[in-house]
2 protein chains.
Amino acid sequence: MKILAISGSLRAASINSALLRTIVRLAPDEIELFQGLGELPLFNPDRESNIPATVNDFRRLVAAADAILIASPEYAHGVTGSIKNALDWLVSYEPFAYKAVAVLNASSRAQHADAALREILKTMAANVVESASVTIPLLGAGLDENGMVQTLSIVEAIRKMLSSLHEAVAVQRPSQSPSFPVPTQCLPTS
Amino acid sequence: MKILAISGSLRAASINSALLRTIVRLAPDEIELFQGLGELPLFNPDRESNIPATVNDFRRLVAAADAILIASPEYAHGVTGSIKNALDWLVSYEPFAYKAVAVLNASSRAQHADAALREILKTMAANVVESASVTIPLLGAGLDENGMVQTLSIVEAIRKMLSSLHEAVAVQRPSQSPSFPVPTQCLPTS
């Protein structure tokens, strides 16, 4: 299985990015950490006919992945502008529809952004894998990646999450993806 | 009164941008349309100590305004990445707190983004002026700016909205702004 992991924070010390790096360490052969979030231009529907190179690179990684793993902080009770901007570039991108997606939450108090992110992904016709979309409370735990890989409860939560994601992808594969286009509620209002 | 109008769409034919241009036409002396949304870099908390020039320009316009007017589309049941990115740069910017803000909605079916935007703004300690935060249903109406300024119901809705915003700013002024810092729920989770 190929998984693309996307952190919604550009902060170097982000715990969401650290969580994803920890997951990569535990399953290096199947997970790739997306490094280009900060290089994506702001989404402009007028550019759909002339897609920027960084967006094309991002889309190709998405298309090639069996599943997407998102960990993103909450800013002012909302998703980060950076993760929403990346998702805006995928709204009209056919290979994203019906893709298995797990939404990780690194803070049990970040409920607004977590709910908003799931609603957005479902509207984009993603297959949000609930059993793999878990809260791993790290905010304030004072752990870096080395601390996380040495903490049994975190390692177990990650292994269980990955196992759920594997199952969801295995179930989805035989039936293939439903057809495009995505539902009309997914279309932008301008 | 000085009002800064911000469209959350970068699309040239955006009805939200057209609505704001129409409002500028009706009150050109007091409203300035923000032109720099697409030039703001993606928010990175690590850059707070070395703020990019375009962000500084944006912040200065915000600080100088008595009120902010936002009109932004809904993308996949969420706010646009572009408007959230602009707001992310204001979360820790003191002059934004307690600023009067009106949220315009150009589509009666864009309920998710409208609710999310209000929640985000309130969490940022903005003074969301409910009486001025109205839906002006333009999606599918086929009107450009010329059509809008010639449509009595739209012109009246805009004048009423501006009047409510005036009142809110007038009431707010005598008591001055409450003190910083903003509430802790406003702080990012990383």
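Before reading further, recall that the structure is shown in the block above.
Residues numbered from 1 in each chain as written. Chains lettered and ligands numbered in written order. Predicted model: local features only at pLDDT ≥ 70, side-chain atom pairs only at ≥ 80, totals over all residues. Heavy atoms only, no water.

### A short note on the relation of the copies chain A and chain B
In screw terms, the move from chain A to chain B is a rotation of 180° and a rise of 0.0 Å along the axis, fitting with an RMSD of 0.0 Å. With respect to symmetry, the two chain copies, as superposed, fit the operation of a two-fold axis. In terms of proximity to the rotation axis, the leading residue of chain A is Gly 81 of chain A, whose C-alpha is 2.3 Å off the axis. Looking at chain A, 100% of its interface residues are interface residues in chain B too, so the copies touch through the same face. (Least-squares fit on C-alpha atoms with pLDDT ≥ 70 in both. Contact = heavy atoms within 4.5 Å.)

### What about the interface of chain A and chain B?
Across the contact, 45 residues belong to chain A and 45 residues belong to chain B. Summed over both sides, the interface between chain A and chain B buries roughly 3500 Å², with carbon and sulfur atoms accounting for 56% of that surface. If you look at where chain A meets chain B, you find zero salt bridges. Run the count over chain A and chain B and you get 16 residue pairs in polar contact (both at pLDDT 80 or more). Every element with two or more residues in the side of chain A that touches chain B is listed here: helix H1 (15-26), strand E4 (74-75), strand E5 (78-79), helix H3 (81-88) and helix H4 (111-123) of chain A. Of all the elements, H3 of chain A adds the most residues to the side of chain A that touches chain B, at five residues. (Buried area = accessible area lost by both parts, 1.4 Å probe. Salt bridge = Lys/Arg side-chain N within 4 Å of Asp/Glu carboxyl O. Polar contact = N/O pair within 3.5 Å; in protein donor to acceptor, adjacent residues only side chain to side chain. Helix = DSSP H or I, 4+ residues; strand = E, 2+ residues; numbered from the N terminus.)

### Some remarks on the pattern of salt bridges
Residue and element names in this part refer to chain A. Taken as a whole and judged by the stated rule, the model has 16 salt bridges over all chains. Across the pair Glu 145 and Arg 25 runs a salt bridge whose closest N-O atoms are separated by 3.7 Å. Of the two residues, Glu 145 sits in helix H5 (residues 145-149) while Arg 25 sits in helix H1, which places them 120 residues apart along the sequence. In this structure, a network of salt bridges that share partners links the residues Asp 114, Arg 118, Lys 122 and Glu 130.

### Focus on helix H2 (residues 53-64) of chain B
Residues and elements named next belong to chain B. For H2, with 12 residues, the first-to-last C-alpha span of 17 Å sits near the 16 Å given by 1.5 Å per residue. By the burial criterion, the buried members of H2 are Val 55, Phe 58, Arg 59 and Val 62. Axial view of H2: buried residues confined to an arc of 100°, hence all on one face. Away from its buried face, by an angle of more than 90 degrees, H2 presents the exposed residues Ala 53 and Arg 60. Those residues of H2 hidden inside the fold are in contact with strand E1 (3-7), strand E3 (67-71) and helix H3 (81-88). (Expected span 1.5 Å × (residues − 1). Buried < 20%, exposed > 50% of the residue type's maximum accessible area, 1.4 Å probe, protein only. Arc of directions from axis to C-beta.)

Keep in mind that these numbers describe shape and distance, not what the molecule does.
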